[in-house]
Amino acid sequence: MEKVEKHIVKTDESYKRYVITEDGVSPRGIPVYGNGLIAFDSNEHGETGRN
């Protein structure tokens, strides 16, 4: 049986939803879990979730 890893993180002001990581899995913040801004505005985006 494989180990299940969760990638939900408590966000801070420097949170980047689509940051490039070594393992290829970006950390996922959810609204009201931390102080970071959760933003996205299209299908294509940079590390912060915006074009």
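What counts, and at which threshold
- Residues numbered from 1 in each chain as written.
- Predicted model: local features only at pLDDT ≥ 70, side-chain atom pairs only at ≥ 80, totals over all residues.
- Heavy atoms only, no water.
- Buried < 20%, exposed > 50% of the residue type's maximum accessible area, 1.4 Å probe, protein only.
- Contact = heavy atoms within 4.5 Å.
- Phe/Tyr/Trp six-rings, centres within 6.5 Å; stacked < 30°, edge-to-face > 60°.
- Lys NZ or Arg CZ within 6 Å of the ring centre and 35° of its normal.
- Polar contact = N/O pair within 3.5 Å; in protein donor to acceptor, adjacent residues only side chain to side chain.

## Quick look at the environment of K16
Relative accessible area serves as the criterion here: at 35%, K16 is assigned to the partly exposed category. C-alpha of K16 to C-alpha of I38: the two residues are 22 residues apart in sequence and 8.6 Å apart in space. Look past the residues within four positions of K16 in its chain and what remains in contact with it is P27, E47 and T48.

## Topic: the packing of aromatic side chains
According to the stated counting rule, one finds zero aromatic pairs in the structure shown. Looking at R17, its charged tip hangs above the ring of Y18, at a distance of 4.8 Å from the centre.

## Section: the side chain of T11
Its relative accessible area of 6% is what places T11 among the buried residues. From its side chain, T11 meets the backbone nitrogen of G36 in a polar contact 2.8 Å long. Excluding its chain neighbours within four sequence positions, the residues that come into contact with T11 are G29, Y33, G34, N35, G36 and I38.

## Regarding the side chain of S26
Under the relative-accessibility criterion, S26 is labelled buried at 17%. Of the polar contacts made by the side chain of S26, one reaches the backbone oxygen of V19; its length is 2.8 Å. Residue contacts for S26: discarding those within four places in its chain leaves H7, R17, Y18, V19 and T21.

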